[in-house]
Amino acid sequence: SNQYRDFINAKDVARGMIKAMEEMPDKPVNLCSGKGVKIKEIAEIIQLYLPQTAIEYKDLDIVLGPDKKVMSNPYIEPEIDLNTGIGETIEWNKK
């Protein structure tokens, strides 16, 4: 599948929200990565952690966060990459 989505780790969003509230509390902010990631890539990463998981592809509309006010100065750079975030989520879900 050639579908793309914009993903950002919730921890990075929380840090970005705190930073934005401290530095510009009266301005709207869109915290996103600004990078499209193939849904197929997400499914393949999940399958590395959970090999028994079957992948089923369906076409959906493209949803990307706008590149305006992407997490960069005066905000923060995302610290948690996609693989790490998916792994943490899967491990958390196993508890």
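Along each chain, the written sequence defines residue order, and numbers are assigned to residues from 1. The predicted origin of the model limits local features to residues at a pLDDT of at least 70 and limits the giving and counting of side-chain atom pairs to 80 or more, whereas totals for whole chains, interfaces and linings rest on all residues. With hydrogens and water excluded, all non-hydrogen atoms of the structure serve as input to the side-chain values.

This part is about helix α1 (residues 10-23). Every helix listed is a DSSP run of H or I at least four residues long, and every strand listed is a run of E at least two residues long, numbered separately from the N terminus. Each residue after the first adds 1.5 Å to the expected span of a helix. Relative to the 20 Å expected for 14 residues at 1.5 Å per residue, α1 spans 20 Å between its end C-alpha atoms, a close match to the ideal helical length. The classification of residues rests on relative accessible area computed with a 1.4 Å probe and restricted to protein chains. Under 20% of the type maximum is buried, over 50% is exposed, and intermediate values are partly exposed. For α1, the complete set of buried residues consists of D12, G16 and A20. Projected down its long axis, α1 carries its buried residues within an arc of 65 degrees, all on one side. Those residues of α1 that are exposed and aimed more than 90 degrees away from the buried face are A10, I18, M21 and E22. What qualifies as a polar contact is a pair of N or O atoms within 3.5 Å, subject to a donor-acceptor requirement within protein and to the restriction that residues adjacent in sequence count only when both atoms come from side chains. At the N-terminal boundary of α1, the capping side chain belongs to N9, with an oxygen 2.8 Å from the backbone nitrogen of K11. Starting at the helix axis, one direction is taken to each C-beta atom, and the arc is that of these directions.

Considering the arrangement of structural elements, one finds D12 in helix α1. A polar atom in the side chain of D12 sits 3.0 Å from the backbone nitrogen of E79.

Here we take up the pattern of salt bridges. Note on definitions: salt bridges are taken to be side-chain nitrogens of Lys or Arg within 4 Å of carboxyl oxygens of Asp or Glu. This model, assessed by the stated rule, comprises 5 salt bridges. A salt bridge links D12 to R15; the nearest nitrogen and oxygen atoms lie 2.6 Å apart. Here the residue D12 and the residue R15 both occupy positions in helix α1, the gap between them amounting to 3 residues, near one helical turn. Residue D12 is classed as buried on the basis of its relative accessible area of 0%. With a shortest N-O distance of 3.1 Å, E23 and K19 are connected by a salt bridge. In this pair, E23 and K19 are both assigned in helix α1, 4 residues apart and thus about one turn of the helix distant. The exposure class of E23 is partly exposed, given its relative accessible area of 44%.

Along helix α2 (residues 39-49), the residues that are buried comprise I42, A43 and I45. Taken end-on, α2 shows its buried residues confined to a sector of 160 degrees, consistent with a single buried face. By definition, residues are in contact when any of their heavy atoms lie within 4.5 Å. Buried residues along α2 sit against β2 (36-38) and α3 (82-94).

The subject of this paragraph is the confidence of the model for the protein. Any region with low pLDDT has predicted coordinates that should not be read closely. Scored from 0 to 100, pLDDT reflects the predictor's confidence in each residue. Taken residue by residue, the protein gives an average pLDDT of 79. The fraction at 70 or more is 80%. Residue range residues 70-74 is modelled with pLDDT below 50. Its contacts to residues more than four positions away, or to other chains, number 17 contacts.

Take the layout of surface pockets next. Estimates place the volume of the largest pocket at around 460 Å³. Here a cavity means grid points, on a 1 Å grid over the protein atoms only, where a 1.4 Å probe fits yet cannot get out; a pocket means an open set of points with protein on both sides within 12 Å along at least five of seven lines; lining residues are those with an atom within 4 Å of a point. Taken together, 21 residues make up the lining of the largest pocket; nearest its centre are F7, I8, I80, D81 and L82. Elements represented by at least two residues in the lining of the largest pocket include exactly α2 and α3. A total of 5 residues in the lining of the largest pocket trace back to one element, the largest contributor, which is α3. When its residues are assigned to classes, the lining of the largest pocket shows 12 nonpolar, 4 polar and 5 charged. Grid points are joined across faces, edges and corners, and a volume is the space filled by probe spheres set on the points. Classes in brief: Ala, Val, Leu, Ile, Met, Phe, Trp, Tyr, Cys and Pro nonpolar; Asp, Glu, Lys and Arg charged; the others, Gly included, polar.

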